[in-house]
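# Results of the structural survey
What follows is each chain in one-letter form.
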Amino acid sequence: MLSNQAGDGKRASLHGHWSSRMAFILAVTGSAVGLGNIWKFPYIAGQNGGGAFVLVYLICVVVIGMPVMMSEILIGRRGRRNPIATMELLGREEGSSPHWRLLGALGVLAGVLILSYYSVIAGWTLAYIVKSASGVFDGASAAAVGDEFGGFVGSWQLVLFCHSLFMALTVFVVARGVEGGLERAVRFMVPALLILMLMLLGYSINSGFFGQGLAFMFTPDWSKLTWLSVLAALGQAFFTLSIGMGAIMAYGAYLPEETSIPNASAAVVGADTAIAMLAGLAIFPLVFANGLDPADGPGLVFDTLPLAFGQMAGGVFFSTVFFLLLSFAAWTSAIGLMEPAVAWVVEHLNQSRAQASIFVGGSIWILGVGSVLSFNLLSDVTFLAGTIFDNIDYLTSNIMLPLAGLLITVFAGWVMCRNSTADELGGSGLVYKVWRLLARYVAPVGILLVLYNTVT
Ligand code: PFF
C-alpha cells in the first residue's frame, strides 16, 4: 500500500493537474448541489422558524460538515477502493478492525432510502418543466399556483409516472456509467443555476418584502430553537453536502495525490452553501409578499417560484429553464445516491453493471411508491415523524447520516494514525491542526450531543 501513500513531491503536468482537480470538484459539486439546496433547505428552514435554525445550520456546515467531508475524502484516497472495501482495508491497515466495513454498508443503505423519496420530488421537477413550458403559471395568482401544485401531488397516478420517469433516467445513466458527459453537464449546470437564482433574487429584492425575508432568515429567535430543530439543521448539513453516505469517499478514491483536500472541500462547501442561501433569499420574500406560510412544507418551492416567474417578462422561458436545471441538479445527485449500492451489487452478487443498475433501481422504485402515496392516498397515514415520506427522510437525514458522520470522524481522528492523515492533508500545519481538533473533538461531541438530546 505504500504506493498510495507517497503524497507529495510528485509533479504532474500543469494541465493534467488542473483538469483532474476540476473534474473532482465538479463531480462532488454535482452530487452536493441538488434538491437539498433549492427544495429542502428553504422548507426545513421555514418549518423550524428561520433565523436561529439557519445560524445553527451554518455552524454545523463549518464545524461538522467541513471536517467530515475532509475525512471522507482522505479515507477514500487512502483506500482507493469502494467505500466498504476501503473501510475494511484501512481498518486492518491502521491496526483496528475490518468490521469498519459496516460503516460503508450503512452508507449504501442510506443512499437507497434517500433516493426512494428523492426520485419522487425530482419527478415533481420534471412535471414542472412541462407545466412551465405550457404557460400555466404565466401571470397566475398565488392561489392558482397553489391549486396547481395541490392538484398535481393529489394525483398519485401523475406523481407515480414522474417518479418512474426519473428513476428510469437515473438507471439509464448509472447503467452506462457515462461520467464524462455528466461532468460536462455539471460544468454548465451549476453556473447556469447560479445565474437564474440571482435573477430570482433580483425579483425578490424588488418585491417590497425583501427586508422581511432577510429578517426571517437571519434574525435568530432563540425561543424557536429546540433540540429537534438543531437535529434538523445538523441533518440538513449532512444531506446537502452529500456526506455520511460514502458517496464522497467513493469520489475521493480517484483523487490525484497532489490535489489539496482542504481546498477542494472548501470550494464544494462554499458553492453548496451559497446556492442554499440564494434559494432562501429568493423564496422567503415571495412567501411574505403573497401571504403564504413559511412552514408550508415540501411544496414551498413549487408554490413560490412559479409565481415569481409568472410575473416576469420572459417568465415562461426562464421558469422552464429553471426547472430543467433543477432536474439536472437532482439527476447528478441521484446518480451519486445510487452508485454505492450498484457498485456493491456488481461486486458481491456478481452481476453486470446493467443488471445491477436495473435491480437496484427497481428496488428503489418500489420503495419510492410509499413516498408517492404520502402526498395523496396515504397522506392521512401518519406515525412517528409523520407520513411514510417524513419517516424515511427523518431516519436518513437526522439519524443515519449523522451517525455515519460520527463514525467517520472517529475513524479519521482517532483510529487512523497521525502520519496517515497528515500525509493526506498536506502536512501538519495550521489547517491540519484545525481539522484534527474538529474531527477528534468538536464534530463527534457535537453530533453525540445533538443525538443524545433528541432521544432523551
Ligand atoms: N446533496 C444532495 C442534495 O442536496 O440534493 C443530496 C445527496 C446526494 C445526498 C448524494 C447524498 C448523496 F450521496
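Values in this document were obtained by computation on a predicted structure and should not be read as measured data.

## Description of the site of the ligand
Looking at the ligand, there are 14 residues lining it, with Ala-32, Gly-36, Tyr-118, Phe-239 and Ser-242 nearest. Between Ser-31 and the ligand, the recorded distance is 3.3 Å, taken from a backbone N or O atom to a nitrogen atom. Take Tyr-118: an N or O atom from its side chain is 2.5 Å from an oxygen atom of the ligand. Isolated, the ligand exposes 340 Å² of accessible area, and the fraction of that covered by the protein chains is 100%. At the level of elements, helix H2 (14-32), helix H3 (35-47), helix H11 (227-241) and helix H15 (315-348) are the ones that each hand at least two residues to the shell around the ligand. With 3 residues, the top contributor of residues to the shell around the ligand is H3. Across the shell around the ligand, the residue classes tally to 7 nonpolar, 7 polar and no charged.

## Points about the nonpolar core
Counting 154 residues, the largest nonpolar core has Ile-75, Trp-124 and Phe-322 as the members making the most contacts within it. With 17 residues, the single largest contributor to this core is helix H6 (residues 101-134). With sequence-adjacent residues up to four places away left out, Trp-124 is seen in contact with Trp-39, Phe-149, Phe-152, Val-153, Val-159, Pro-298, Phe-302 and Phe-375.

## Describing unusual backbone geometry
Located in the positive-phi region is Ser-242, a residue other than glycine, with phi close to 60°. As for its placement among the helices and strands, Ser-242 is situated in the loop between H11 and helix H12 (247-252). Using a relative accessible area of 12% as the deciding quantity, one classes Ser-242 as buried. Phi is positive for Leu-384, close to 40°, though the residue is something other than glycine. Structurally, the position occupied by Leu-384 is in the loop between helix H16 (353-373) and helix H17 (388-415). The exposed category is assigned to Leu-384, whose relative accessible area is 85%.

## Some thoughts on the confidence of the model for the protein
When pLDDT is averaged along the protein, the result is 91; 94% of the residues meet or exceed 70. Considering only residues more than four positions removed or in separate chains, one finds that residues 1-18, a stretch of pLDDT under 50, has 22 contacts.

## Here's the deal with the pattern of salt bridges
Under the counting rule described, the total for this entry stands at 10 salt bridges. Its salt-bridge partner being Arg-77, residue Glu-424 comes within 2.6 Å of it at the nearest N-O pair. Residue Glu-424 is located in helix H18 (residues 418-424), and its partner Arg-77 is located in helix H4 (residues 51-79); the two are separated by 347 residues in the primary sequence. Of the two residues, Glu-424 and Arg-77, both sit in the buried class. With a closest N to O distance of 3.6 Å, Glu-88 and Arg-101 form a salt bridge.

## Here's the deal with a nonpolar patch on the surface
On the surface, Trp-414, Leu-437, Tyr-441 and Val-442 cluster together into a nonpolar patch covering about 380 Å² of accessible area. A total of 3 residues in the nonpolar patch trace back to one element, the largest contributor, which is helix H19 (residues 430-455). Under the relative-accessibility criterion, Tyr-441 is labelled partly exposed at 41%.

## Observations regarding the packing of H15 against H16
The geometry of H15 relative to H16 is characterised by a closest axis approach of 9 Å and an angle of 125° between their N-to-C directions. Taken as axis vectors, H15 and H16 run oblique relative to one another. Two packed elements cross with a definite hand, and for H15 against H16 that hand is right-handed. Together, Met-338, Glu-339, Ala-341, Val-342, Val-345 and Val-346 of H15 and Arg-353, Ala-356, Ser-357, Phe-359, Val-360, Gly-361 and Ile-364 of H16 make up the contact between the two elements. Considered class by class, the residues forming the contact of H15 with H16 number 9 nonpolar, 2 polar and 2 charged.

## A few points about the packing of aromatic side chains
Describing an aromatic ring pair means giving the distance of the ring centres and the angle of the ring planes. On inspection of all chains with the given rule, the structure shows 24 aromatic pairs. For the pair Trp-124 and Phe-302, a centre-to-centre distance of 5.4 Å together with 75° between the ring planes defines the contact as edge-to-face. Here Phe-302 lies in helix H14 (residues 300-311) and Trp-124 lies in helix H6, a separation of 178 residues in the sequence. The class for Trp-124 is buried, based on a relative accessible area of 0%. Geometrically, the ring pair formed by Tyr-128 and Phe-152 is edge-to-face, given 6.3 Å between the ring centres and 70° between the ring planes. Here Tyr-128, found in helix H6, pairs with Phe-152, found in helix H7 (residues 142-153); they are 24 residues apart in sequence, far enough to count as distant. Each member of the pair, Tyr-128 together with Phe-152, is buried. The positively charged end of Lys-40 is found above the aromatic ring belonging to Phe-239, 4.0 Å away from the centroid. The ring centre of Trp-414 lies 3.8 Å from the NZ or CZ of Arg-440, which sits over that ring.

Each value, and the rule that gives it
- Residues numbered from 1 in each chain as written.
- Predicted model: local features only at pLDDT ≥ 70, side-chain atom pairs only at ≥ 80, totals over all residues.
- Heavy atoms only, no water.
- Near = heavy atom within 4 Å.
- Polar contact = N/O pair within 3.5 Å; in protein donor to acceptor, adjacent residues only side chain to side chain.
- Areas by Shrake-Rupley, 256 points an atom, 1.4 Å probe, with all protein chains shown as cover.
- Helix = DSSP H or I, 4+ residues; strand = E, 2+ residues; numbered from the N terminus.
- Nonpolar A, V, L, I, M, F, W, Y, C, P; charged D, E, K, R; others polar.
- Core = buried A, V, L, I, M, F, W, Y, C linked by side-chain atoms within 4.5 Å.
- Buried < 20%, exposed > 50% of the residue type's maximum accessible area, 1.4 Å probe, protein only.
- Contact = heavy atoms within 4.5 Å.
- pLDDT = per-residue confidence, 0-100.
- Salt bridge = Lys/Arg side-chain N within 4 Å of Asp/Glu carboxyl O.
- Patch = residues over 30% accessible without salt bridge, like charges linked within 9 Å, V, L, I, M, F, W, Y side chains within 5 Å.
- Axes fitted to C-alpha atoms, helices over the stretch in contact; angles between N-to-C directions.
- Parallel < 35°, antiparallel > 145°, perpendicular 65-115°, else oblique.
- Left-handed = near helix turned anticlockwise from the far one by under 90°.
- Phe/Tyr/Trp six-rings, centres within 6.5 Å; stacked < 30°, edge-to-face > 60°.
- Lys NZ or Arg CZ within 6 Å of the ring centre and 35° of its normal.

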